[in-house]
Amino acid sequence: MSQPTLDNIVSLCRRRGFIFQSSEIYGGLNGAYDYGPMGVLLKNNIRDLWWREMTFMHDNIVGLDASILMASKVWEASGHVSNFSDPMVDCKQCKSRFRADQIDLNGACPVCGNKGTFTAPRNFNLMFATHIGPDMDSASVVYLRPETAQGIYTEYKNVVSSSRVKIPFGIAQVGKSFRNEITTKNFIFRSCEFEQMEMQFFCKPNTDEKWFEFWRAERMKFYIEKMGIPAETLRWHRHGADELAFYAKDAYDIQFLFPMGWQELEGVHNRTDYDLTQHQKFSGKDLTYLEAENNERYIPYIVETSAGLTRNVLMALSSAYDVEKLEDGEERTVLHFHPNIAPVTVAVLPLVKKDGLDVKAKELEMSLREDFYAEYDQSGAIGRRYRRQDEIGTPYCITVDYRTLEDNTVTLRFRDSMKQERISTTNLSSTIKSFIKNYKRGQ
Ligand code: GAP
């Protein structure tokens, strides 16, 4: 296994239609990316896997899709208007801009090399502001949400009164968030427009520590078992006193070993009753929860699991990428995605595109599409077609040959081991499902 560089991943993403720079024909827009045909499949698969895990597999978690634009008061209450900022400095010589906490202010400028040229740090709010309505005055200012969490807090009472959830329960949401990041290097790791998968778990005070530990364990298990990320490339980082948000009781990041080193993938936070207390104060509405059984009233504590969906895409690509030396001296680039998230689950290839093999293969592809995202490919030598599927991470290739026409069997080729097996086309979907269920990287 070889550890890829970020450049390896960027170029594969472009070549195979995973991710492109936004507005490329106009020179590109920093911090914004477009997901191509393979990228959108991969991203949606990760999103759906997370959504299933949260809302199908836990009977006390419901979903929400809140709007991106929210009343400005929300962000005053949450503290984002006054506190959500990064310290920024400029190099007076070359005008490059940096986050003051990411460079040595007494050292040389990382771009032009001049020393002692930085401006004094000044705080820069990361929220994108715009206006609602035709008047561009301060009364019409609204922000693009910098996190999806606040939509959950402001809707929690509506969810409680309109559904049957009872504490302890969770509300899950996936959606776009926006941050005017000062530095947007490292591809999609840190972008201005990104997606988050957040779940806020509402629990009774004094049970928060227990739920915090529960969710920490669940989230790590999800990455290893459902997404197939090797355990040794994941680790916990507990926030020290200098990192902990002032309202948080405890916070851990799940870090992944990205090509540029260990970096945050997801945060699990014990946010106490801070958020709901703030919204109760700023909105003047009663945000307490009533336990009907004993008439007890309290503001729930919240344990948050907050993952970047687009950052998960970068993890999936980095974790899957490999260049292998083959026995014949050739190299193959392969993405070892877990079949749960692979953009294409199965490719159907006729050995040759004549004598009815193409017709049979097309027929099989269309029937497999009932259950999986399947692709048909008839162009080029079979070996080249396998390589292309390896490069987009398709775990299973099915080849239709002359024998298929006689006995309805096909060759199933496994991406990781490149081993081939003869299998029947009867119950083909179930056969593939059982391979997916028992998948282990390398097989
Ligand atoms: N509601 C809590 C919250 O938003 P955060 O640590 O600021 O916490 C959570 O963000 C996750 O969102 C991060 O772990 C990361 O995966 C993702 N994320 C944050 N900023 C991002 C950015 N600029 N680009 C891509 N992903 C980002």
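Residues numbered from 1 in each chain as written. Predicted model: local features only at pLDDT ≥ 70, side-chain atom pairs only at ≥ 80, totals over all residues. Heavy atoms only, no water.

Novice: It is not clear to me how the overall build of the protein chain should be interpreted in this structure. Could you clarify?
Specialist: A count of helices and strands for the protein chain gives 12 helices and 24 strands. Taken over the C-alpha atoms alone, the protein chain extends approximately 75 × 70 × 45 Å along its principal axes. With 443 residues in all, the protein chain has 51% of them scored as buried. Across the protein chain, contacts joining residues at least 24 apart in sequence account for 65% of those joining residues at least 6 apart. Carbon and sulfur atoms provide 49% of the accessible area of the protein chain, an area that totals close to 21,000 Å². The averaged location of the 60 negative side-chain charges in the protein chain is 1 Å from the averaged location of its 55 positive side-chain charges. (Helix = DSSP H or I, 4+ residues; strand = E, 2+ residues; numbered from the N terminus. Buried < 20%, exposed > 50% of the residue type's maximum accessible area, 1.4 Å probe, protein only. Contact = heavy atoms within 4.5 Å. Areas by Shrake-Rupley, 256 points an atom, 1.4 Å probe, with all protein chains shown as cover. Lys, Arg positive; Asp, Glu negative; His and termini not counted. Charge placed at Lys NZ, Arg CZ, Asp CG, Glu CD.)

Novice: Explain the environment of phenylalanine 84 here, please?
Specialist: Residue position: phenylalanine 84 is located in the loop between helix H4 (80–83) and strand E5 (85–90). The spacing of phenylalanine 84 and aspartate 401 is 317 residues in sequence and 61 Å in space, taken between C-alpha atoms. Look past the residues within four positions of phenylalanine 84 in its chain and what remains in contact with it is Gly79, Phe124, Asn125, Leu126, Met127, Pro146 and Arg179.

Novice: Could you clarify how one ought to interpret the site of the ligand in this entry?
Specialist: Close contacts around the ligand come from 18 residues, with Glu147, Glu181, Glu198, Glu264 and Glu304 the closest. Here an oxygen atom of the ligand sits 2.8 Å away from a polar atom, N or O, in the main chain of leucine 265. Within the complex, 91% of the 560 Å² of free accessible area of the ligand lies under protein. Its residues assigned to classes, the shell around the ligand comprises four nonpolar, four polar and 10 charged. (Near = heavy atom within 4 Å. Polar contact = N/O pair within 3.5 Å; in protein donor to acceptor, adjacent residues only side chain to side chain. Nonpolar A, V, L, I, M, F, W, Y, C, P; charged D, E, K, R; others polar.)

Novice: Got a minute to help me understand helix H1 (residues 6–15) in this structure?
Specialist: Because the α-helix completes a turn every 3.6 residues, residues three or four places apart line up on one side. Turning to H1, its buried residues number three or more, namely Leu6, Ile9, Leu12 and Cys13. Mapping the buried residues of H1 onto a view down its axis gives an arc of 130°, with all of them on the same face. Elements in contact with the buried residues of H1: strand E1 (19–21), helix H8 (309–320), strand E18 (321–325), strand E19 (331–335) and helix H10 (382–392). Two residues or fewer past H1, glycine 17 is found with a positive phi of approximately 75°. (Arc of directions from axis to C-beta.)

Novice: It is not clear to me how the pairing of strand E9 (residues 141–144) should be interpreted in this structure. Could you clarify?
Specialist: Within a regular strand, the side chains alternate between the two sheet faces. Pairing analysis gives two bridges linking strand E4 (residues 69–70) to E9, with the strands arranged antiparallel. When the bridges of E9 are listed, leucine 69 appears paired with leucine 144. Of the strand pairs in this sheet, strand E8 (residues 129–131) and E9 are connected by three bridges, and their pairing is antiparallel. Bridge pairing links histidine 131 to valine 141 in E9. (Pairing = 2+ DSSP bridges.)

Novice: What should I look at first to understand the sheet that holds strand E14 (residues 261–270) in this one?
Specialist: The pairing of strands in a sheet comes from backbone hydrogen bonds and takes either a parallel or an antiparallel form. Reading across the sheet, the seven strands line up as E3-E10-E11-E17-E14-E13-E12 and stay open at both edges, with mixed pairing between neighbours. A strand with exactly one partner marks an edge of an open sheet, and here the two such strands are strand E3 (61–63) and strand E12 (234–238). With strand direction ignored, the average angle separating the axes of adjacent strands in the sheet is 25°. One ladder, built from 10 bridges, connects strand E10 (residues 169–178) with strand E11 (residues 193–203); its direction is antiparallel. Residue pairing for E11: valine 174 is matched across the bridge by methionine 197. Contacting E3, E10, E11 and strand E17 (301–308), helix H2 (residues 37–56) runs over the sheet at an angle of about 160° to E10. (Axes fitted to C-alpha atoms, helices over the stretch in contact; angles between N-to-C directions.)

Novice: When you look at the pattern of salt bridges in this model, what are you seeing that I'm missing?
Specialist: Opposite charge on two side chains permits pairing when their charged atoms draw close. Using the criterion set out here, one finds 37 salt bridges in the structure. The salt bridge partner of arginine 216 is glutamate 213, with a shortest N-O separation of 3.2 Å. Here glutamate 213 and arginine 216 lie together in helix H6 (residues 208–226), a separation of three residues that amounts to about one turn. Of the residues examined, arginine 216 reaches a relative accessible area of 13% and is grouped as buried. What emerges from the salt-bridge pattern is a single network uniting Glu324, Arg332, Arg387, Asp390 and Arg413. (Salt bridge = Lys/Arg side-chain N within 4 Å of Asp/Glu carboxyl O.)

Novice: How do you make sense of the nonpolar core when you look at a structure like this?
Specialist: Core analysis: the biggest nonpolar cluster contains 56 residues, and Phe18, Met227, Leu317 and Phe337 have the highest contact counts within it. Within the second largest apolar cluster, 19 residues are counted, among which are Tyr396, Val400, Phe414 and Ile423. (Core = buried A, V, L, I, M, F, W, Y, C linked by side-chain atoms within 4.5 Å.)

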